[in-house]
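What the coordinates show
Here is how the chains run, residue by residue.
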Amino acid sequence: MTEAVPRLGIGMVGYAFMGVAHSQAWRNAPRFFDLPLRPDMAAVAGRDEAAVTAAATKLGWSSTETDWKALVSRDDIDLVDICTPGDTHAEIAIAALEAGKHVLCEKPLANSVQEAEAMVRAAESSTGLAMVGFTYRRVPAIQLARTLVTDGRIGTVRHVRAQYLQDWIADPQAPLSWRLDKQKAGSGALGDIGAHIVDLAQFVTGESVTGVSAVLETFVKERPVADSFGGLHGTASGTETGPVTVDDAAIFLGRMSGGGLATFEATRFAWGRKNAIRLEINGSHGSLAFDFEDMNVLHYFDATQPAPEAGFRRIVVTEPEHAYVAAWWPPGHGLGYEHAFTHQAVDLITAIAEHRQPVPSFADGLVVQRVLAAVEQSAANDSTWTSVQKES
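Residues numbered from 1 in each chain as written. Predicted model: local features only at pLDDT ≥ 70, side-chain atom pairs only at ≥ 80, totals over all residues. Heavy atoms only, no water.

For the protein, an unreviewed UniProt entry supplies the name Dehydrogenase and the organism Cellulomonas humilata.

The subject of this paragraph is the sheet that holds strand S2 (residues 38-45). A sheet is described by the order of its strands in space; here six strands give the open sequence S3-S2-S1-S4-S5-S6, paired in parallel fashion. Each edge of the open sheet is held by one strand with a lone partner, namely strand S3 (63-65) and strand S6 (130-133). Averaged over all neighbouring strand pairs, the angle between strand axes comes to 25 degrees, with direction disregarded. Relative to strand S5 (residues 102-106), strand S4 (residues 79-82) runs parallel, the two sharing four bridges. Bridge assignment links Ile-82 to a residue of S5, and that residue is Cys-105. Where helix H2 (residues 49-59) meets the sheet, it contacts S2 and S3, and its direction lies at approximately 150 degrees from that of S3. (Pairing = 2+ DSSP bridges. Helix = DSSP H or I, 4+ residues; strand = E, 2+ residues; numbered from the N terminus. Axes fitted to C-alpha atoms, helices over the stretch in contact; angles between N-to-C directions. Contact = heavy atoms within 4.5 Å.)

With that settled, the discussion passes to helix H6 (residues 140-150). Residues Pro-140, Ala-141, Ile-142, Leu-144, Ala-145, Leu-148 and Val-149 constitute the buried set of H6. Next to the buried residues of H6 lie helix H8 (189-205), strand S15 (276-283), strand S16 (286-291), strand S17 (297-302), strand S18 (313-316) and helix H9 (337-353). Note on H6: the residue one or two positions beyond its end, Gly-152, has a positive phi of about 80 degrees. (Buried < 20%, exposed > 50% of the residue type's maximum accessible area, 1.4 Å probe, protein only.)

Take the side chain of Glu-106 next. Note that Glu-106 resides in strand S5. Lacking a salt bridge, the buried Glu-106 has Lys-107 as its closest oppositely charged neighbour, with an N-O distance of 5.0 Å. There is a polar contact of 2.8 Å between the side chain of Glu-106 and the side chain of His-22. Here Glu-106 is in contact with Met-18, His-22, Ile-82, Cys-83, His-89, Val-132, Gly-133, Thr-135 and Phe-341, once residues within four sequence places are set aside. (Lys, Arg positive; Asp, Glu negative; His and termini not counted. Salt bridge = Lys/Arg side-chain N within 4 Å of Asp/Glu carboxyl O. Polar contact = N/O pair within 3.5 Å; in protein donor to acceptor, adjacent residues only side chain to side chain.)

Let's shift gears to the pattern of salt bridges. Going through the model one piece at a time under the given rule, you end up with 16 salt bridges. Among the ionic pairs, Asp-192 bridges to Arg-268, the shortest N-O distance being 2.8 Å. Taken together, the positions of Asp-192 in helix H8 and Arg-268 in the loop between strand S14 (261-267) and S15 put the pair 76 residues apart, joining distant regions of the chain. Residue Asp-192 is classed as buried on the basis of its relative accessible area, which comes to 14%. By relative accessible area, which is 0% here, Arg-268 ends up buried.

Dropping the structure here:
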């Protein structure tokens, strides 16, 4: 890519897990894809000056800020990338949009429907464009699944089964973190990983979840408190503990707008499952099945085939004709977790250059937020069937 390509100044807020993934994406995007704008990693913001300086050096950012407001106000920043806990999303995103910046915000969009609605209003009135980071949409096998459904290859959707299974806090001695604090995270497994499968179910089917019946559970209600160095706080009577204020697991039934039935399961207590995002869709003419732990493969069953020949077809989604793949490796050389973040950066940069709304938009994020709110409401009312709020 040459210097003649117009510059897009990127400012990122937050530099932990998601910040690392987003940084790699901004670095890789112009090296593997021909882009209409050149992403310039201008600044990263974090409250701890020493830590953010170290992160900038490691991740490739040109400068640092210890106040996100200073980053948003900089003239050399065109896009603000928000990789912070959910309780800060609305304030940062709205300020950036009011300043005319483009925004990429990690999911879930906010900690409440009210915050998400305010973010959507800010996006609608801004000259900047806004995207929410439902990154798994950018997995090539998921893109193929959506295409097959859109093309009518499985017919009318009858069933959706969606799971997101992890085990990183299955050990009761795993320490407290911000993800276990409702004030910061908004919810637990429901928002952190359940939001992804709600979005995937809606994205692949092209339908929306209209109602739910839900159960939420917190299995471990007290956990050890970690200090700033990663150790555990001790007291005279033993290790200090603190309350877990979010759900550990969420299970809910759903009705799709096309009449199909859906089941969702999100848990961080599934020993042996590290990042198992599983999606199976059964239609009137066939089925699709996907598991992120085998992310380069999509299974497709064509019910129109004669019974003696019928069976699931294992499609290795690594051909150059598949979405995004041509920019990477020869067929059969699989992609990984990090590639979807690069695809996200590519799609956002392209949309900005073409002055069109990127997807998923903040409005799409609000749709998911309303499903999460209905799940929480249902669970709080003995799993009563709860309609998902429609656009007001």
